[in-house]
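One-letter residues, chain by chain:
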Amino acid sequence: MMNLQKKKLYTLLALVALFVILFICNMLLSPYHMRIINLVGINIALVVSLNLTNGFCGVFSLGHAGFMAVGAYVAAILSLPLVKKAIILPELPKWLGSVELSFLPSLIIGGLVAAICALIIGYPVLRLRGHYLAVATLGFLVVIQVVITQLQDFTRGARGINGLTQYTNTWWVWIFTCITIYVVWRIINSAYGRGMMAIREDDLAAEAMGVNLTKYRLLAFCVGAFFAGIGGALWAHLITVVTPLSFSYDRTFSLVVMSVIGGMSSITGGVVGASLMTLVPELLRNLEVGITVGGISIPPLYGISQIVLSVVLIIVIIVRPKGIVGSREFSWNLFKKKKWNTMNQMEN
Amino acid sequence: MDSTYLLQQIVNGIGLGSIYALVAIGFSITYSILRLINFAHGDILMIGSYCALFIFLSGKVPLVVGLLLAMGFAALIGMLVERIAYRPLRTASEESMLITSIALSILIENLGILTVSAQPRKFVFPEVFAKNHELAGVTFNNMTILTVGVAVLLMILLTFFVKNTRLGTAMRACSENIGVARLMGIDINIVVAIAFAIGSALAAVAGIMLGGQYGRIDPLMGFIPGLKAFVAAVIGGIGSIPGAVLGGYLLGLFEILLVGFLPIEYTGYRDAFVFILLILVLLLRPNGILGSAEGRKV
Amino acid sequence: MLELNNVNLYYGRIQALKNVSLSVREGELVALLGANGAGKTSTLRAISCMHPIKEGSIHFSGTDLTKVPAHRLVDLGIAHCPEGRQVFGRLSVKENLELGAFRRKDKEEVKRDLEWIYSTFPRLVERRSQSAGTLSGGEQQMLAIGRALMSRPKLVLFDEPSLGLAPLIVEQIFDVIKKIKEQGRTVLLVEQNAFQALGIADRAYVLETGTIKLEGTPEQLLSNEEVKRAYLGG
């Protein structure tokens, strides 16, 4: 085993390397490619935070996109320049219509509001188990969608809010991604984290041993929602438009796909799944507009990326139900011992 | 509010409720046997309606034949879906099955978009079905009569099948204890296939009736009715066929009365209310109205 | 008739059976004894293909049972009367019994067997259209036995038929099992109630933490000090 100092050093070096690479990319690559790189970062953060609830805590939630929506809308309304706000959202109440926050506070407030929503919805709903919980959180997603569509004064309904300032850039995204991974990593390696995993393994037994089920689940749920809210806000300020459809069932689904394909109860799995499942559909998107390969023109295949995604997901669930990475975790020891380590070994 | 208005809303609610009930039955029977929430069920409804559309368009087949063909085709698709995607997951976790069903739902919807395009199609029943009747101030057309009539007829047939046939008994046995049912010599694969066939055929009928009422269909039409029928199944007590029927009618009435009596600015929240109702039922009475308590292995 | 050879069975990573070998000859009543968690039920689950085994072989009259789907077992002549009765509570008593004959095509014979079951268990007659969930524990056990017999099995597997029943009823149940044996059927009886099981068995095996510890006739086992101490409370 490597000592802790050495590991910390390696991690630091890796981070520096990551940001140097991102810096170079930023200079060399086209805006289109940078956008994909940024989407990868946002999706990693979203999936890792989803894994905290769905994977580590065993609270199978389908509401992640709902929290993204909350964060995105709150941040969008707060950060919208006053001039634009007066035109786009003239019906806003005065206290909201006259504020314009800078990006960071907007993000954080967006995340906090999402977390508060999680607290309100989670308190009753987290008592449910298994797929009932999943369905209830899906119900929450539908409710959020309807509310956003109906609250015209705040959200412009189905038209959505456009013309957001493109605050989100590579640094915002990847610093956020690193913070998310760090926080989730700290949580799962704390006493809290072990309580969570006890719940996942056997909630009845964990409760019998004195683990306060609802408290643990609620914490995971709220932390997940906080990061989802910020992720949603970053996403909105990258694309510069938010509509109710940006955070629909499809988005929850694609996050769940990433999470399941990578491995639900692993941070590494989240990173792998999010990266893979952001890049592959991006390639497939070309098929939807029609391309010419080697002289053969392929007509536009609408829906093909979703078709491929869902087929891949079904195959992964049948063949490799724990995902590509499983519940293993990346560790520096990997390079020394030439093998993947489980979490427990890493702690020792 | 005068009573005619209320009566009118109730008639409309029963019309909608019949559709929910038909779809909810499918949710319930597959759930009762496999503990599977089949989100792709709503999309089978869409397949049924498109199937009927092509039959109506292509030749002059009588309505009943068209209906039966659509039911048969949907049943085949349902069995196919089960064979390919769900059978390998018999021993998997509830969540794995749930995710798979969501994936299947997205797959079917997008295959629909790919093959028949996302553009809504006109779905017109023969003229006679648009004919209005009036009774005590309440108006309803032949389409409503057809919907309710067919739904009730099918439910009676289904009840007879489940209660009085050998396979029906086997099905009830499987829904109680699948392991012991196998010891009796019941081939689970056959029972599950039949459950999917029945559920899908009923969903196809619901799809056709839904198309007939709205006059148009599209590849995504099944999603929301499917979700709502699931809510109906939960309200009635998922796993119970009478529960699914009751839940379907209750939800249909709830929804129509909500829209009929809420101030106009709140009617947009209709779907939100349905799902808040779902969450409330899950919390307060998770086994629904007629469901039996589900034991949990410790 | 039934032959288990070095069977290893796992639940996940936990090994429930270690090299279990046992045999039941035609017409025999063999008891399988052991404490809770010794692997008795696992053995039965392995025989009736409810759980796959990792290694070893299970043969019934020359047929390899590991390759048979669970629902074909009754065709071979094996009936499994599961632990804790497990009757279909929402189905009527009659429906439960009819399900026992699910794969039989000889309608007339099935009817005759049904009458015979009713005459063996008169309590069931008066309750034939009642749902099985409303029966008492003893009645449910009789129903479960009746249901198993409805398939006209050559071999009947009983999993703890005395579990949770009043002594008087246990007495009755064991009488019935003895009768089943006297009719020429082969019986494999899993029991915690060692004393009573040994009273009717021809031979017995003792399972301990997944392995066969002892084998012998009831007389041999009853005189064994270890058995006395561990299972017979003496």
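Residues numbered from 1 in each chain as written. Chains lettered and ligands numbered in written order. Predicted model: local features only at pLDDT ≥ 70, side-chain atom pairs only at ≥ 80, totals over all residues. Heavy atoms only, no water.

- An unreviewed UniProt entry lists chain B under the name Branched-chain amino acid transport system permease protein, with Desulforamulus aeronauticus DSM 10349 given as the organism.
- The Subcellular location (unreviewed entry) field of the UniProt record for chain B holds the comment "Cell membrane". (UniProt positions renumbered as here; feature names shortened; annotations may be inferred.)

- Per an unreviewed UniProt entry, chain A goes by the name Branched-chain amino acid transport system permease protein and belongs to Desulforamulus aeronauticus DSM 10349.
- In the Subcellular location (unreviewed entry) part of its UniProt record, chain A is described as follows: "Cell membrane".

### As for unusual backbone geometry
Residue and element names in this part refer to chain C.
Phase 1: At Ser61, a residue that is not glycine, the phi angle is positive and equals roughly 45°.
Phase 2: On the secondary structure map, Ser61 appears in the loop between β4 (55–60) and β5 (63–64).
Phase 3: Of note in the backbone geometry, Glu160 takes a positive phi value of approximately 45° without being a glycine.
Phase 4: Following the sequence through the fold, Glu160 ends up in the loop between β7 (155–159) and α7 (167–182). (Helix = DSSP H or I, 4+ residues; strand = E, 2+ residues; numbered from the N terminus.)

### What about the interface of chain B and chain A?
Phase 1: With 41 residues of chain B at the contact, the number on the chain A side is 41 residues.
Phase 2: Taking both partners together, chain B and chain A bury about 3700 Å²; carbon and sulfur atoms supply 80% of that area.
Phase 3: Our count for the contact surface shared by chain B and chain A stands at 0 salt bridges.
Phase 4: In this assembly, chain B and chain A are joined by 1 residue pair in polar contact (both at pLDDT 80 or more).
Phase 5: If you list the elements that add at least two residues to the side of chain B that touches chain A, you get α3 (63–86), α4 (94–116), α9 (223–236) and α11 (270–284) of chain B.
Phase 6: When residues in the side of chain B that touches chain A are grouped by element, the largest group, 15 residues, is from α4 of chain B. (Contact = heavy atoms within 4.5 Å. Buried area = accessible area lost by both parts, 1.4 Å probe. Salt bridge = Lys/Arg side-chain N within 4 Å of Asp/Glu carboxyl O. Polar contact = N/O pair within 3.5 Å; in protein donor to acceptor, adjacent residues only side chain to side chain.)

### Quick look at the sheet that holds β5 of chain C
All names here are of chain C.
Phase 1: Pairing within the open sheet is antiparallel, and its 4 strands lie in the order β2-β1-β4-β5. The strands lining the two open edges of the sheet, one partner per strand, are β2 (14–24) and β5.
Phase 2: Here 2 bridges tie β4 to β5, and the two strands are oriented antiparallel to one another. Bridge assignment links Phe60 to a residue of β5, and that residue is Thr63.
Phase 3: This element, helix α1 (residues 40–47), spans β1 (2–11), β2 and β4 of the sheet and lies at about 110° to β1. (Pairing = 2+ DSSP bridges. Axes fitted to C-alpha atoms, helices over the stretch in contact; angles between N-to-C directions.)

### Topic: the confidence of the model for chain B
Phase 1: With 96% of its residues at a pLDDT of 70 or more, chain B shows a mean pLDDT of 88.
Phase 2: Predicted confidence in chain B is weakest over strand β2 (residues 132–135) of chain B, with a mean pLDDT of 82, and strongest over helix α8 (residues 188–214) of chain B, with 94. (pLDDT = per-residue confidence, 0-100.)

### Some points on the interface of chain B and chain C
Phase 1: Each side of the interface is counted separately: chain B has 19 residues, and chain C has 20 residues.
Phase 2: Where chain B abuts chain C, roughly 1900 Å² becomes buried across the two surfaces, and 59% of that area is made up of carbon and sulfur atoms.
Phase 3: On the chain B side of the interface with chain C, the three residues burying the most area are Glu176, Leu183 and Met184 of chain B, jointly 36% of the side's total.
Phase 4: At the junction of chain B and chain C, the tally comes to 1 salt bridge.
Phase 5: Residue Arg172 of chain B is joined to Glu95 of chain C by a salt bridge in which the shortest nitrogen-to-oxygen separation is 2.6 Å.
Phase 6: Broken down by secondary-structure element, the contributors of at least two residues to the side of chain B that touches chain C are α6 (166–176) and α7 (178–183) of chain B.

### Concerning helix α1 (residues 3–34) of chain B
Phase 1: For α1 of chain B, spanning 32 residues, the distance from its first C-alpha to its last is 44 Å, which sits close to the expected 46 Å at 1.5 Å a residue.
Phase 2: Most of α1 of chain B sits out of view: 23 of its 32 residues are buried. (Expected span 1.5 Å × (residues − 1). Buried < 20%, exposed > 50% of the residue type's maximum accessible area, 1.4 Å probe, protein only.)

### Notes on the nonpolar core
Phase 1: Counting 214 residues, the largest nonpolar core has Phe67, Ile161, Val242 and Leu313 of chain A together with Ile25, Phe39 and Ile186 of chain B as the members making the most contacts within it.
Phase 2: Excluding residues within four positions of it along the chain, Leu313 of chain A makes contact with Phe253, Val257, Val260 and Ile261 of chain A together with Ile99 and Ala103 of chain B.
Phase 3: Leu114, Ile180, Ala194 and Leu221 of chain C belong to the second-largest nonpolar core, a separate cluster that totals 44 residues. (Core = buried A, V, L, I, M, F, W, Y, C linked by side-chain atoms within 4.5 Å.)

### Overview of the confidence of the model for chain A
All names here are of chain A.
Phase 1: With 91% of its residues at a pLDDT of 70 or more, chain A has an overall mean of 83.
Phase 2: Across chain A, helix α3 (residues 64–79) holds the top mean pLDDT of 93, while helix α17 (residues 343–347) sits lowest at 39.
Phase 3: Contacts from residues 337–348, a stretch scored under 50 in pLDDT, to residues over four places away or in other chains number 26 contacts.

### A closer look at a nonpolar patch on the surface
All names here are of chain A.
Phase 1: On the surface, Val16, Val20, Phe23, Ile24, Met27, Leu28 and Leu29 cluster together into a nonpolar patch covering about 680 Å² of accessible area.
Phase 2: Mapping Phe23 onto the fold places it in helix α1 (residues 4–28).
Phase 3: Given the relative accessible area of 46%, Phe23 is considered partly exposed. (Patch = residues over 30% accessible without salt bridge, like charges linked within 9 Å, V, L, I, M, F, W, Y side chains within 5 Å. Areas by Shrake-Rupley, 256 points an atom, 1.4 Å probe, with all protein chains shown as cover.)

### Considerations on the pairing of strand β3 (residues 29–34) of chain C
All names here are of chain C.
Phase 1: The element β3 is largely enclosed, with a buried count of 6 among its 6 residues.
Phase 2: The side-chain alternation of β3 yields two buried faces, one formed by Leu29, Ala31 and Leu33 and the other by Val30, Leu32 and Gly34.
Phase 3: Across 5 bridges, the pairing between β3 and strand β8 (residues 186–191) is parallel. Note that in β8 the partner of Leu33 across the bridge is Glu191.
Phase 4: In this structure, β3 lies alongside strand β9 (residues 203–208), joined through 5 bridges in parallel fashion. Bridge pairing links Gly34 to Leu207 in β9.

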